[in-house]
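Survey of secondary and tertiary structure
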Amino acid sequence: MKKILFMVTSMDIGGVEKSLLSLLSEIPKGKYDITLQLLNKKGSFLKYIPEWIKIEEVTWYKDVQPIIMQAPQQTIKNYYFNKQYTKILPFIAVYFFSKRFDNRHVYYKEIFKNVAKDKENYDVAIAYQGPTDIIDFYIANKVQANKKLAWIHFDVSQHSINQKLHTKLHKKFHKVFVVSEEARKKLIEKIPSDEHKIEVFKNIISSESIKEMAQEKEEFDSEFKGTKIVTVGRLSKEKGQDIAIKVLANLIKNGYNVRWYCIGDGVDKKAYENLIEEYGLTSEFILLGSKENPYPYIKMADIYVQPSRHEGFCLTLAEARYLQKPIITTDFSGSYEQITDNYDGFIVRVDEDELYEKIKFLLNNPGKSNEFTMNLRKINANRLNEVSKLYKFIQ
């Protein structure tokens, strides 16, 4: 039986983690010997990992994390106070070299030099949460495997990745999976040497799980009789909730009886709470927090809106499609691969006025929402055939 290693940061609630759960749930028990390694063994999704999969927390991350996350001055101080004097000059030299030549590879090589290689020999090792410097570097240099696979979930043109680092790391990977055709084009622009090894692997959704979980009972503002808009995603600038807040303010100002519900948590929660208060929307724009099961809320929504500034594939958009919601999405990477504009949803620019006009159009023309829903029923939103691409690579 082939031994497969997957590696991610944690199993916190997020799109990457959810896509991994969907993928693992489609692999039959006994097909492979699978190990899931985590930098931090935590997260609400841990309990959903199939019981036959081995889960491990790496031991080296607690030593590496501070060096990567803190200011270099603090690392030098720590070396000094811990009497690790021999580490100070090499660290300073490598740090300034990496900054001067914009080359993070030498920096990570120094940080990881005392990290032991994984003792196991795998048939396939998968850096699933890419592009992630730490995981990609570890899989590339510290894991012994016959084949190595890097998985890119984001539009690399919108993320600050070190080109020299990932170009060098990807030379040690046999294949790179990306989640959309647009993401593939952007990766080739960033790392041209990857072109021959890139394949599109669209995030799958577990349709049966979504169908079952969407039936769970949730209290969802049952007293409100107006239009309910739902958005799912972590609270951060790239997800565009600030745009949504301003659009809702305009809708309320013009007399529309609408409430907007955001599922998710994140670094910009406080900033969004302040913005909601500033626009006087504390009763209309509602932050519901993270939900292990967002599907009942999507199911009960009148409109699903994805206001993201950028995405990779956007799993939540695929889930809203499967639940046949009228959808309005911004034109991030991969949106045109999921939505046909004006057929099963609207695609707009990342622009407050455009988003406002399309939401207003659906509010004024309920027949268009019904048309979107009917067209979505004709589309198979399931991506299970994608799993065969992974099987083919493993074999």
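Only a predicted model underlies this, so the values are computations on that prediction, with no experimental measurement involved.

On the surface, a nonpolar cluster with roughly 400 Å² of combined accessible area is contributed by Tyr80, Phe81 and Tyr85. Checked against the element boundaries, Tyr85 lands in the loop between helix H3 (72-81) and helix H4 (88-100). On the basis of relative accessible area, Tyr85 is assigned to the partly exposed category, the value being 45%.

Here we take up the sheet that holds strand S5 (residues 144-152). Read from one edge of the open sheet, seven strands run S3-S2-S1-S4-S5-S6-S7, paired in parallel fashion. Each having just a single partner strand, strand S3 (54-57) and strand S7 (198-200) make up the two edges of the open sheet. Strand-to-strand twist across the sheet, computed as the mean angle between neighbouring axes with direction ignored, equals 25 degrees. Direction of pairing for strand S1 (residues 3-8) relative to strand S2 (residues 33-38): parallel, over a ladder of six bridges. Looking at S2, one finds that Phe6 is bridged to Leu36. Lying over the sheet, helix H1 (residues 15-26) contacts S1, S2, strand S4 (121-130) and S5, oriented at roughly 145 degrees with respect to S4.

Time to look at the nonpolar core. By size, the foremost hydrophobic cluster in this structure holds 58 residues, and its most contacted members are Phe6, Met11, Trp151 and Leu390. Sequence-distant contacts of Leu390, defined by excluding residues within four places in its chain, comprise Phe6, Leu23, Ile27, Ile126, Leu149, Trp151, Phe177 and Phe201. One finds Ile68, Tyr107, Ile188 and Val200 within the second-largest nonpolar core, a separate group that totals 44 residues.

This paragraph deals with helix H15 (residues 366-377). An α-helical turn contains 3.6 residues, so any two residues separated by three or four positions project in the same direction. Taking 1.5 Å as the rise per residue, H15 with 12 residues should run 16 Å; its terminal C-alpha atoms sit 17 Å apart, in good agreement. Against helix H13 (315-322), strand S12 (327-330), strand S13 (346-348) and helix H14 (352-364) lie the buried residues of H15.

As a further point, take the side chain of His153. Here His153 is to be found in the loop between S5 and helix H7 (163-170). Owing to a relative accessible area of 5%, His153 belongs among the buried residues under this scheme. At a separation of 2.8 Å, a polar atom in the side chain of His153 contacts the main-chain carbonyl oxygen of Tyr128. Apart from residues no more than four positions distant in its own chain, His153 is found in contact with Val16, Ser19, Tyr128, Gln129, Gly130, Val179, Asn203, Gly312 and Phe313.

A full pass over the atoms with the stated rule returns 27 aromatic pairs. Ring geometry for Tyr128 and Trp151: centres 4.7 Å apart, planes at 50 degrees, overall tilted. Taken together, the positions of Tyr128 in strand S4 and Trp151 in strand S5 put the pair 23 residues apart, joining distant regions of the chain. The exposure classification of Tyr128 matches that of Trp151, with both residues buried. Considering the side-chain rings of Phe346 and Phe372, the 5.0 Å spacing of their centres and the 85 degrees angle between planes classify their relative orientation as edge-to-face. Within this pair, whereas Phe346 is found in strand S13, its partner Phe372 is found in helix H15, the two being separated by 26 residues in sequence. Considered together, Phe346 and Phe372 belong to a single accessibility category, that of buried residues.

Cut-off values and rules
- Residues numbered from 1 in each chain as written.
- Predicted model: local features only at pLDDT ≥ 70, side-chain atom pairs only at ≥ 80, totals over all residues.
- Heavy atoms only, no water.
- Patch = residues over 30% accessible without salt bridge, like charges linked within 9 Å, V, L, I, M, F, W, Y side chains within 5 Å.
- Areas by Shrake-Rupley, 256 points an atom, 1.4 Å probe, with all protein chains shown as cover.
- Salt bridge = Lys/Arg side-chain N within 4 Å of Asp/Glu carboxyl O.
- Helix = DSSP H or I, 4+ residues; strand = E, 2+ residues; numbered from the N terminus.
- Buried < 20%, exposed > 50% of the residue type's maximum accessible area, 1.4 Å probe, protein only.
- Pairing = 2+ DSSP bridges.
- Axes fitted to C-alpha atoms, helices over the stretch in contact; angles between N-to-C directions.
- Contact = heavy atoms within 4.5 Å.
- Core = buried A, V, L, I, M, F, W, Y, C linked by side-chain atoms within 4.5 Å.
- Expected span 1.5 Å × (residues − 1).
- Polar contact = N/O pair within 3.5 Å; in protein donor to acceptor, adjacent residues only side chain to side chain.
- Phe/Tyr/Trp six-rings, centres within 6.5 Å; stacked < 30°, edge-to-face > 60°.

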